[in-house]
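Chain by chain, the residues run as shown.
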Amino acid sequence: MTQPTTKICILGGGFGGLYTALRLSQLPWESTPKPEIILVDQSDRFVFSPLLYELLTRELQTWEIAPPYSELLQGTGIQFHQAAVSAIDINKKTVQLADKSELNYDRLVLALGGETPLDLVPGAASHAYPFRTITDAYRLEERLRVLEAANPEKIRVAIVGAGYSGVELACKLADRIGEKGRFRLIEIGDQILRTSPEFNREAAKKALDSKGVFIDLETKVAAIDQDSISLEYKNQIDTIPVDLVIWTVGTKVSPVVTVLPLKQNQRGQITTTPTLQAIEHPEIFALGDLADSIDAEGKQVPATAQVAFQQADYTAWNIWASLTHRPLLPFRYQPLGEMMALGIDNATLTGLGVQLDGSFAYVARRLAYLYRLPTLNHQLKVGFNWLVSPIIEAISR
Ligand SMILES: Cc1cc2nc3c(=O)[nH]c(=O)nc-3n(C[C@H](O)[C@H](O)[C@H](O)COP(=O)(O)OP(=O)(O)OC[C@H]3O[C@@H](n4cnc5c(N)ncnc54)[C@H](O)[C@@H]3O)c2cc1C
Ligand SMILES: NC(=O)c1ccc[n+]([C@@H]2O[C@H](COP(=O)([O-])OP(=O)(O)OC[C@H]3O[C@@H](n4cnc5c(N)ncnc54)[C@H](OP(=O)(O)O)[C@@H]3O)[C@@H](O)[C@H]2O)c1
Ligand SMILES: C/C(=C\Cc1cc(O)c2ccccc2c1O)CCC[C@H](C)CCC[C@H](C)CCCC(C)C
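Counting restarts for each chain, with residues numbered from 1 along the sequence as it is written. As a convention, the first chain written is A and the first ligand written is 1, with the rest following in written order. Reporting of local features is limited, given that this is a predicted model, to residues whose pLDDT is at least 70; pairs of side-chain atoms are given and counted only at 80 or more, and all residues count toward the totals for whole chains, interfaces and linings. Remark: hydrogens and water are excluded; side-chain values derive from all non-hydrogen atoms of the structure.

As annotated in an unreviewed UniProt entry, the protein chain is demethylphylloquinone reductase from Cuspidothrix issatschenkoi CHARLIE-1. UniProt positions are given in the numbering used here, feature names are shortened, and annotations may be inferred rather than shown by experiment. Per its UniProt entry, the protein chain bears the Cofactor (unreviewed entry) comment "FAD". Its UniProt record, at the heading Catalytic activity (unreviewed entry), says of the protein chain: "demethylphylloquinone + NADPH + H(+) = demethylphylloquinol + NADP(+)".

Shown next as structure tokens:
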């Protein structure tokens, strides 16, 4: 009698899920029948979020930073199912999708990432713009076009959160809008980029200052309205007029994950073993923003693309090992450093003993991300375009 094919179901096609699927498809399956690999995502395209800002400045195009799964998975044998995950039954080992279909699995990978919480202050859900997905970027682009077309004396932009996203957005938008913009970066803490290396923080401060971005430290957003934002500073509330509020604060786990009967932390992230398995459910792997993971040394790892990207290799390997009766490997995180865009010709980079800013960092960041794009085919297409398009633009000018 023939054995039924083993099914690996990967939920979420971001840094954790897509890169796990691609690595899994490349592993040697000679001694065991190749399993069915099914990747599920609500969107038709992967988003390389570190380069999402470049859509707003038109430095990059959608096809470059958000290639469709159909293109990325061609020839890999991975099946793609576009649908939102609506429920998971870990006892029956089934996944319900919003299109009413159901998948069963032998191994499950939870990689649904996080969502931007817009329920932290009154008015944010109705009036603030999040910045995480392609849809968010398009909505923001549309709002910017309306504001630019209205041609007011000044376009007043408030960006909530002076973490990485807030600072990068402020720099890119200041370069896009230029003299016409008035920017406020609102931060609850007493400094910007609290977790950054000193070099990157100082480079960011210099860039923000040169672009005239006003920074409100120790300031809490009390409420957001259609055309104003109320800020609390030293127990005093000040309401100021604004044309656009962008919300970059926080990451929450989707309810489809928080309702699961799996060990979770207070924020609803799934607690994993160092081998990236859910506690008491070795058939379930969790990685990326929805996982509360420790590495081989027992150290907590941050919720970043860099981590999810590295976890994907281990998840793929450990699934393969669990199906081929080999020992599983604990996740060994290698923090390589961090990079930040600081405008359309500026960036900062600290990593592997190197500190760079200005246009060198800009080029290094671009090259480092080119190398991290999924699939060699996509890297080649994008790399070729980056070489050729400046030449075409110069000729057509
Ligand atoms: C603007 C921005 C810039 C960033 N820049 C950097 C950076 O430079 N460096 C860095 O290290 N980190 C960066 N990050 C953080 C990084 O994006 C995340 O840590 C990383 O994407 C997490 O990977 P993940 O696989 O957990 O989730 P994601 O990459 O977010 O993937 C989750 C996937 O799940 C899908 N999904 C979600 N819910 C459902 C559902 N119910 N059904 C079906 N599919 C679903 C989504 O469509 C998505 O494709 C940035 C984040 C943002 C927002
Ligand atoms: N270039 C990069 O490497 C890059 C780019 C983007 C994102 N990321 C990663 O993605 C994750 C999310 O980063 P993020 O920058 O999008 O978001 P974030 O880390 O949540 O940063 C938000 C910032 O807002 C502050 N804040 C919190 N509550 C606030 C409030 N009510 N009002 C005003 N400010 C408030 C936070 O201060 P506290 O820190 O004091 O809470 C923090 O400085 C992080 O893990 C980050 O490393 C990395
Ligand atoms: C800091 C570096 C990598 C960490 C890293 C950061 C991210 O934001 C990621 C996001 C998504 C996936 C992965 C990552 C991630 O791994 C890069 C370090 C680079 C080195 C310092 C060396 C840079 C060398 C340049 C490519 C050379 C360019 C020279 C140019 C002519 C100036």
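Once the structure has been displayed, the description carries forward.
> I would appreciate a short explanation of helix H7 (residues 164-177) in the present structure.
An ideal rise of 1.5 Å per residue puts 20 Å on 14 residues; H7 measures up with 20 Å between its terminal C-alpha atoms. Where burial is concerned, most of H7 is hidden: eleven out of the 14 residues are buried. Any residue under 20% of the maximum accessible area for its type is buried, any over 50% is exposed, and the rest in between are partly exposed; the area is computed with a 1.4 Å probe on protein chains only. By the criteria applied, helices consist of DSSP H or I runs no shorter than four residues and strands consist of E runs no shorter than two, each listed in order from the N terminus. Those residues of H7 that fall on the buried side of the exposure criterion are Gly166, Val167, Glu168, Leu169, Ala170, Cys171, Lys172, Leu173, Ala174, Arg176 and Ile177. Downstream of H7 by a residue or two, glycine 178 has a phi angle that is positive, lying close to 65°. Multiplying 1.5 Å by the residue count of a helix minus one yields the expected span of that helix.

> So what exactly am I meant to see when it comes to the sheet that holds strand S4 (residues 85-89) here?
Backbone-to-backbone hydrogen bonds join strands into a sheet, with any given pair of strands oriented parallel or antiparallel. A pair of strands is treated as paired once DSSP finds two or more bridges between them. One open sheet accounts for three strands, arranged S4-S5-S6; its pairing is antiparallel. For this open sheet the edge positions go to S4 and strand S6 (102-104), each flanked by a neighbour on one side alone. When the angles between neighbouring strand axes are averaged without regard to direction, this sheet yields 20°. By the bridge criterion, three bridges tie strand S5 (residues 94-97) to S6 in an arrangement that is antiparallel. Across the sheet, residue glutamine 96 finds its bridge partner in S6, namely glutamate 102. Axes here mean lines fitted to C-alpha atoms, for a helix over just the part in contact, with angles spanning 0 to 180 degrees between N-to-C directions.

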